[in-house]
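What the coordinates show
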Amino acid sequence: NETKRLRYQVEKVLQMSLYEKGNIRFNEREVDANVIIDDVVKTFTLKVQQSGGQLEANLDAEDAAIYVDEMHFTNVVFNLLDNAVKYRRDDEPLRLSVSTKNQGQRLIITVQDNGIGIRHDDLKHIFHRFYRVHTGNKHDVKGFGLGLAYVKGMVELMHGTIKAESELGRGTKFIISLPLID
């Protein structure tokens, strides 16, 4: 498991390096975001349930056709869900939700949890490479501070935006906005 995790982290470093140099391989095509998100949710449900939590999907966007790299889009959703599991609270079962909706010519994807949350001062840095939020006594969380930098980089390559809202001790919400196909 550690070897797999390290290989995944190395892959993120390489992808971020290629992204920064403008050499990342990006195979864009039309996809249905609801279908991809639903697949990720199905894969993740067991992991969430094993931690005693619940994962709810409300894929309400009537139009979810976007033009993205399917692998990178899948990784974006996976990273956000994985962070929610990693940074869950010990005193309360994890409640995690993923939703989609339409807003004008954009698809809005929201990933929300009731985890440990992020301090306001840390919130403005979470998308920076190698930045890790201090989690106090939570020593079981491994990583190099690359996940959210990768997420933001990929969302921007998809001509989208991402923002985070959080309250310490109450949870975090990530909101992605991507252009719909005309």
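Conventions we followed
Residues numbered from 1 in each chain as written. Predicted model: local features only at pLDDT ≥ 70, side-chain atom pairs only at ≥ 80, totals over all residues. Heavy atoms only, no water. Helix = DSSP H or I, 4+ residues; strand = E, 2+ residues; numbered from the N terminus. Buried < 20%, exposed > 50% of the residue type's maximum accessible area, 1.4 Å probe, protein only. Contact = heavy atoms within 4.5 Å. pLDDT = per-residue confidence, 0-100. Pairing = 2+ DSSP bridges. Axes fitted to C-alpha atoms, helices over the stretch in contact; angles between N-to-C directions. Salt bridge = Lys/Arg side-chain N within 4 Å of Asp/Glu carboxyl O. Core = buried A, V, L, I, M, F, W, Y, C linked by side-chain atoms within 4.5 Å.

Describing the overall build of the protein
- Broken down by element type, the protein carries five helices and seven strands.
- Mapped from its N terminus to its C terminus, the protein presents α and β elements in the order α-β-α-β-β-α-β-β-α-α-β-β.
- Here the protein holds 182 residues, and 42% of them are scored as buried.
- Pairs at least 24 residues apart make up 72% of the contacts formed inside the protein by residues separated by at least 6 positions.

A look at the confidence of the model for the protein
- The pLDDT averaged across the protein works out to 83; a share of 75% of its residues lies at or above 70.
- Confidence drops under a pLDDT of 50 for residues 137-142, and excluding neighbours within four residues, the segment shows twelve contacts in the predicted structure.

Regarding the sheet that holds strand β5 (residues 106-113)
- Read from one edge to the other, the open sheet built from five strands follows the order β2-β4-β5-β7-β6, with strand pairing classed as mixed. The open sheet terminates on both sides in strands that have one partner only, identified here as β2 (54-59) and β6 (161-167). Taking the axes of each pair of neighbouring strands and ignoring which way they run, one obtains an average angle of 15° across the sheet.
- In this sheet, strand β7 (residues 171-179) lies alongside β6 in antiparallel orientation, the contact comprising seven bridges. Paired with Thr-161 across the bridge in β7 is Ser-177.
- On top of the sheet, helix α5 (residues 147-157) reaches β6 and β7; it is set at about 140° to β6, its chief contact.

Notes on the pattern of salt bridges
- Across all of its chains, the model carries eleven salt bridges by this definition.
- In this structure, Asp-82 and Lys-47 form a salt bridge, with 2.7 Å as the shortest nitrogen-oxygen distance. Linking Asp-82 in helix α3 (residues 70-86) with Lys-47 in helix α2 (residues 33-50), this pair joins segments that are 35 residues apart in sequence.
- As a salt-bridge pair, Lys-173 and Glu-165 come within 3.9 Å of each other at their nearest N and O atoms.

Re the nonpolar core
- Residues Ile-66, Phe-73 and Leu-81 are the most contacted members of the largest nonpolar core, which totals 41 residues.
- Among the secondary structure elements, those contributing two or more residues to this core are α2, β3 (65-69), α3, β4 (95-103), β5, α5, β6 and β7.
- Once residues lying within four places of it in the same chain are set aside, the contact partners of Leu-81 are Val-40, Phe-44, Leu-55, Leu-96, Val-98 and Val-111.

Considering the environment of Gln-103
- By secondary structure assignment, the location of Gln-103 is in strand β4.
- Each C-alpha atom, one on Gln-103 and one on Asp-63, is 10.0 Å from the other, the two residues being 40 residues apart in sequence.

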